[in-house]
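So you can see what is in the structure, the chains are spelled out below.
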Amino acid sequence: MNKIIKQALSDLSKRFDEIDGISLFNQQKVLNAFIKNKIALRHFSPTTGYGYDDVGRDTLNKLFADVFSTQDAIVSPLIASGTHALTIALFGLLRPGETLLCATGKPYDTLNDVIFGDGIGSLKDFGVNCVIVPLKDGKPDLEAIKAKCATVKPSLVAIQRSRGYDMRPALSVKQIDEIITAVKEIGCRVMVDNCYGEFTEDIEPSDADVLVGSLIKNPGGGIAPTGGYICGKTDAIAQIEGRLTSPSIGREVGSYAGDYRPFYQGLFLSPHVTAQSIKTALLFSQVFSLLGYTTLPNPNDSVDDIICSIMFNDEQKLIDFCKTIQSVSPVDSFASPEPWAMPGYNDKVIMAAGAFVQGSSIELSCDAPIRPPYTAYLQGGLTFEHGIIALEKCLEVLGIN
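Description of the structure in this document. In this text, all values refer to a predicted model and were calculated from it rather than measured experimentally.

## Things to note about the overall build of the chain
Scanning the chain from N- to C-terminus turns up 11 helices and 12 strands. The globule rule puts the C-alpha radius of gyration for 401 residues at 21 Å, and the 21 Å found for the chain is close to it. Taken along its principal axes, the extent of the C-alpha atoms in the chain is 60 × 50 × 40 Å. Here the analysis covers contacts within the chain between residues at least 6 apart in sequence; of these, 70% occur between residues at least 24 apart. Total accessible area computed for the chain in this model is approximately 16,400 Å², and 53% of it derives from carbon and sulfur atoms. Side-chain charges of the chain comprise 35 positive and 46 negative groups, with the mean position of each set lying 2 Å from the other.

## Let's talk about a nonpolar patch on the surface
Side chains of Leu31, Ile35 and Phe268 sit close together on the surface and give an oily, nonpolar patch of about 260 Å² of accessible area. Tracing the chain through its elements places Leu31 in helix α2 (residues 13–36).

## Details of unusual backbone geometry
Here the amide bond leading from Leu296 into Pro297 is cis, since omega sits at 0°, within 30 degrees of zero. Positionally, Pro297 belongs in the loop between β8 (294–296) and β9 (307–311). The omega torsion across Pro372 and Pro373 is 5°, close enough to zero to call that bond cis. Position of Pro373 among the secondary structure elements: in the loop between β11 (365–369) and β12 (375–379). Phi at Phe199 takes a positive value of approximately 70°, unusual for a residue other than glycine. Among the structural elements, Phe199 can be located in the loop between β5 (189–193) and β6 (210–214).

## Brief notes about the sheet that holds β9
The antiparallel open sheet is built from 5 strands, whose spatial order is β8-β9-β12-β11-β10. Since the sheet does not close on itself, it has two edges, and those belong to β8 and β10 (349–352), each with one partner. Sheet twist, expressed as the mean angle between neighbouring strand axes with direction ignored, is 15°.

## Topic: helix α4 (residues 82–93)
Taking 1.5 Å of rise per residue, 12 residues should cover 16 Å, and α4 covers 17 Å from first to last C-alpha, within 8% of that figure. Across the 12 residues that make up α4, a large majority, 9, are buried. Every buried residue of α4 is accounted for by Gly82, Ala85, Leu86, Thr87, Ile88, Ala89, Leu90, Gly92 and Leu93.

## Quick look at the packing of helix α6 (residues 142–152) against helix α7 (residues 173–184)
At a minimum axis separation of 10 Å, α6 and α7 run at an interaxial angle of 25°. Considered as vectors, α6 and α7 are oriented roughly parallel to each other. For α6 against α7, the interelement crossing comes out right-handed. Within the contact between the two elements, α6 uses Leu142, Ile145, Lys146 and Cys149 and α7 uses Glu178, Ile179, Ala182 and Val183.

## Some thoughts on the nonpolar core
Generally speaking, nonpolar side chains in soluble globular proteins are found buried as a group. Counting 51 residues, the largest nonpolar core has Leu283, Phe284, Phe288, Phe321 and Ile325 as the members making the most contacts within it. Setting aside anything within four residues of it in sequence, one finds Phe321 in contact with Phe284, Phe288, Ile310, Phe312, Cys366, Ala376, Leu378 and Cys394. Grouped together as the second largest cluster of nonpolar side chains are 40 residues, Val75, Leu171, Val190 and Leu211 included.

## A closer look at the pattern of salt bridges
Here the structure, examined in full by the defined rule, presents 18 salt bridges. One salt bridge connects Lys279 with Asp20, and the closest N-O pair in it is separated by 2.8 Å. Here Lys279 is found in helix α9 (residues 261–290), whereas its partner Asp20 is found in helix α2, with 259 residues between them in sequence. Judged by its relative accessible area of 36%, Asp20 falls in the partly exposed class. Asp66 is paired through a salt bridge with Lys36; the nearest N and O atoms lie 3.2 Å apart. Here the residue Asp66 occupies a position in helix α3 (residues 55–67), and Lys36 occupies one in helix α2, the gap between them amounting to 30 residues. Salt bridges here are not isolated pairs; linked through shared partners, they connect Asp72, Glu241 and Arg251.

## As for the packing of aromatic side chains
By the definition in use, this model includes 24 aromatic pairs. With 5.5 Å between their ring centres and 70° between their planes, Tyr256 and Phe263 make a pair best called edge-to-face. Both residues of the pair, Tyr256 and Phe263, belong to the buried class. Taking 6.3 Å as the distance between ring centres and 85° as the angle between the ring planes, the aromatic pair formed by Phe284 and Phe321 counts as edge-to-face. On the criterion of sequence distance, the pair formed by Phe284 in helix α9 and Phe321 in helix α10 (residues 315–327) is long-range, its members being 37 residues apart. Here Phe284 matches Phe321 in class, with each residue buried. Three or more aromatic residues joined by ring pairs form one cluster here, namely Phe284, Phe288, Tyr293, Phe312 and Phe321.

The rules we used
Per chain, residue numbering runs from 1 following the sequence as it is written. Thresholds applied to this predicted model are a pLDDT of at least 70 for local features of residues and 80 or more for the giving and counting of side-chain atom pairs; totals over whole chains, interfaces and linings are not thresholded and use all residues. The basis for every side-chain value is the complete set of heavy atoms in the structure, and neither hydrogens nor water enter the calculation. Here a helix means four or more residues in a row that DSSP labels H or I, a strand means two or more in a row labelled E, and each is numbered from the N terminus. For the radius of gyration, the atoms used are the C-alpha atoms, and the globule rule reads 2.2 Å times the number of residues raised to 0.38. Note on contacts: a residue pair qualifies if any of its non-hydrogen atoms lie within 4.5 Å across the two residues. Note on areas: Shrake-Rupley, 1.4 Å probe, and residue coverage restricted to the protein chains presented here. Positive residues here are Lys and Arg, negative ones are Asp and Glu, while His and the chain termini are left out of the count. Every charge is mapped onto a representative atom, which is NZ of Lys, CZ of Arg, CG of Asp or CD of Glu. Within this analysis, patches are made of residues with over 30% relative accessible area and no salt bridge. Like charges are joined at 9 Å or less; nonpolar side chains (Val, Leu, Ile, Met, Phe, Trp, Tyr) at 5 Å or less. A carboxyl oxygen of Asp or Glu within 4 Å of a side-chain nitrogen of Lys or Arg is what we treat as a salt bridge. Think of it this way: DSSP has to see at least two bridges between two strands before they count as a pair. Where helices are involved, their axes are fitted lines through C-alpha atoms of the stretch in contact, as for all axes, and angles between N-to-C directions lie from 0 to 180°. Multiply 1.5 Å by the residue count of a helix minus one, and that product is the helix's expected span. Only protein chains enter the accessibility calculation, which uses a 1.4 Å probe. A residue is then buried if its area is under 20% of the maximum for its type, exposed if over 50%, and partly exposed in between. Roughly parallel covers angles under 35 degrees, roughly antiparallel covers those over 145, roughly perpendicular covers 65 to 115, and oblique covers all other angles. Definitions for this section: a left-handed crossing has its near helix turned counterclockwise from the far helix by less than a right angle. A right-handed crossing has that turn clockwise. What we call a nonpolar core is a set of buried Ala, Val, Leu, Ile, Met, Phe, Trp, Tyr and Cys residues that are connected through their side-chain atoms within 4.5 Å. Classification of ring pairs uses Phe, Tyr and Trp, with its six-membered ring standing for Trp, and accepts pairs whose centres are within 6.5 Å; under 30 degrees between planes counts as stacked, over 60 as edge-to-face, and the remaining range as tilted.

Written as structure tokens, this is what we have:
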């Protein structure tokens, strides 16, 4: 093993013990929810057509609500992505003439057209206003958020837990709860984009009206083949479910002819798999920090999502790094990713994603917008061992023995 990796592993041993403790706590929480809901083989059976009385679907909703300590939940393979789940929630909760306030700066790139697009059925097209409160030194500006809420009186406040394509730390649940407490005093509902943050702590931001995420990220455990979730308060979920299907139907229909087992099994595995991803992110961050690169999370910081950001300040180095990650993937290792104009993004994006589930961000993957300062966003890792192997290959390409 590379000597710098050995040094980093030694430096991180205490941190890894803490991560294992969080994983154990979350595993017990998930197991308790499975036992409470009396999960059985019958819950895995597929349905077709309208899917009336689909016990697998309906019980999965209850299971997620219990795991995330919310009143209700929508969990569905009909949800195509995290962006789709967020869009369903936004259109379910907002009405023409109302205002959305983004409390953590500009939202992730793929939401830009959802909110601001012209003539494509965006929130803007439907008369919904959007106000953005910039971050202050990479953190939520609580006073500015409260002041703007008092002025514009938003119907919904959106919080993005993870960093997106910003070089800033992810938000802790404590930081999120501080925003929720502040805006609730003014009478605002809150939606948390929970992507990449699930099970990184021993609590979730359950005081929000809705938590939204993707099943091909943390809570799918690398097993779920598709889907998303929206957990939250009963009244909020009741509004949102009409946008999942139609207002007259809600969650009464929606079949899945595949096997529900991967969704249940993925959730069960997710605390452990998330811990593997966090360890991988910390190891990459520690090693590249030792090599003189600017990285996040900083080795001594709390870890509130599964992402490691590495600033290369060089376009070709960024591209080479992504190509190297692809080359040590279990699927499509022979492929060579190139920057391209992906739908929903403002810049060309390069993605290394040699995954069993296409685009899965809980599997070891890496992506980046091709723009200064040329920062790579590495995430996932079904096994920590795979992360170590990938890191050794990256160091080999850099000529570091």
